[in-house]
Amino acid sequence: MTNINGKAYAMNAITPMRAWKSPILRLIFWLAPLFGLTDLKNLSFIHFARWVIVPHDKFPWLGGKQPRESVQSDYMLFFSNFNGTWNQYIDAFSAVLSKGLNYFWCWSDKFPGSVPVTGFKKYIARVQFDTDFYYNPYPYAATNDVKAAHRVQAALDDFAAKSANMTEQQFAEAYLHFLIRVQNDLGALGPAPEGT
Amino acid sequence: MGNQSGQSYGLTILSPIINNGSRAAAQDLALRHHLSKLANGEHSPFAKVPGTHFVRLVVMGDVVFVGYPARDEHLKSQYLICTADFDGELDPYLQTLARTIPAELDAIWKHCVGYPGATDPAKFAEYIKKCQVETTLYFSDVNDRTLEQTLKALLVKTAVTAFAERYQGQPASVVQPAFKKFLTELSQTPAPRPGAAGI
């Protein structure tokens, strides 16, 4: 059982909420992309994340001898694939996305708020459950590595097209500009630091 | 928005696990044991399925009681949760999944109620959709690039870094022909294998 594969951490959390609150939260989730989820993108340490509301009467029932569920609360499942340690992740969310977190989780029972962070971490630890199998297709690449790689690819394609028939002098100048363009995105990939 | 963000699809399924009432042959324990031994990295079955980004498998035993006044209640079944982030649409992906790794899918989902097997991709897809729960909000940071494009870009990043380092300070008379050769070699180099160490 492991939550970690390379530089990615798989977090799973489940929180209960009163069924009457679900439509409100669905509306908030529907509105969230309209605001661009910019802060999440700017944090740039989450590959993929999802929030899933499971209504109390919508747990999958396949028939046969499987009994129907009779829980009364709706449940919100949260799954994230992030880079860094668990503490860094929760700290960053609390410090940068506290408003957004509160909008999403205030409907869950006993949610203490994302600030101060100590109570928030206790709550997350309580509602989190571990991953049994986790596959990562690019284990040595963090989200920033992926974004940097695409920028380098785009810059290389651009430079290759423009430099195809350049003189030596033209190439020298263009190559310098190319390096300046990609210099912040170069660097080696590698395993995550030990202990994370 | 739902399950899709750009060209990325976020599939979430909850498959009820068989409860045969016998602790000696508990399906959930057998499933956990199987998942603990499942090959990973480039040898993972999911590495063989084109367009597959992240996959997780989680045995969820019960819901959580967070304390009064929340309800202290329990599920009657345990669930195998599977989340998968992949390129494109659901139906083609499920067809490819069933055709590419049927034995591996059977070894995992045989512990679940009503699983028909992956030999018939249509029945497999129908089963998965019965277990699917709608993703209410899906976030994909890079949602306009396929897995193949990402793996290739990571190779390019590494290769350009090595080239810049090797030819630092060299005159254009040396760098320009080397760069043309570099581009040719790069275009002939396949993308790294998914899951391989080093990417």
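Residues numbered from 1 in each chain as written. Chains lettered and ligands numbered in written order. Predicted model: local features only at pLDDT ≥ 70, side-chain atom pairs only at ≥ 80, totals over all residues.

*Asks:* Outline the interface of chain B and chain A, listing residues and values.
*Replies:* With 69 residues of chain B in contact, the opposing surface of chain A contributes 75 residues. Counting residues per element, the ones that place at least two in the side of chain B that touches chain A are β2 (8–16), α1 (27–37), β3 (52–60), β4 (79–87), α4 (121–131), β5 (137–140), α5 (147–166) and α6 (172–188) of chain B. Element by element, the count of residues in the side of chain B that touches chain A is highest for α5(B), at 11 residues. For the side of chain B that touches chain A, the residue count by class is 38 nonpolar, 21 polar and 10 charged. (Contact = placed C-beta atoms within 7 Å. Helix = DSSP H or I, 4+ residues; strand = E, 2+ residues; numbered from the N terminus. Nonpolar A, V, L, I, M, F, W, Y, C, P; charged D, E, K, R; others polar.)

*Asks:* Describe the packing of helix α2 (residues 90–100) of chain B against α4(B), with residues and values.
*Replies:* All names here are of chain B. Between α2 and α4, the least distance of the axes is 9 Å, while the angle of their chain directions is 120°. Considering their axes alone, α2 and α4 lie oblique with respect to each other. Once α2 is placed against α4, the crossing between them reads as right-handed. Facing D91, L94, Q95, A98 and R99 of α2, the residues of α4 in contact are P121, F124, A125 and I128. Residues that form the contact of α2 with α4 fall into these classes: six nonpolar, one polar and two charged. (Axes fitted to C-alpha atoms, helices over the stretch in contact; angles between N-to-C directions. Parallel < 35°, antiparallel > 145°, perpendicular 65-115°, else oblique. Left-handed = near helix turned anticlockwise from the far one by under 90°.)

*Asks:* Talk me through the packing of helix α3 (residues 86–96) of chain A against helix α5 (residues 117–127) of chain A; I want residue IDs and the actual numbers.
*Replies:* All names here are of chain A. Between α3 and α5, the least distance of the axes is 10 Å, while the angle of their chain directions is 130°. Between α3 and α5, the crossing angle belongs to the class labelled oblique. Of the two possible hands of crossing, α3 and α5 adopt the one that is right-handed. Listed contacts from α5 to I90, D91 and S94 of α3 are V117, F120, K121 and I124. Looking at the contact of α3 with α5, its residues break down into four nonpolar, one polar and two charged.

*Asks:* Any details on α4(B)? Residues and values, ideally.
*Replies:* Residue and element names in this part refer to chain B. All of the buried residues in α4 are F124, Y127, I128 and C131. Taken around the axis of α4, the buried residues stretch over an arc of 100°, which confines them to a single face. Residues of α4 that are exposed and point over 90 degrees away from its buried face: A122 and E126. Next to the buried residues of α4 lie β2 and α2. (Buried ≥ 20, exposed ≤ 12 C-beta atoms within 10 Å, placed from the backbone. Arc of directions from axis to C-beta.)

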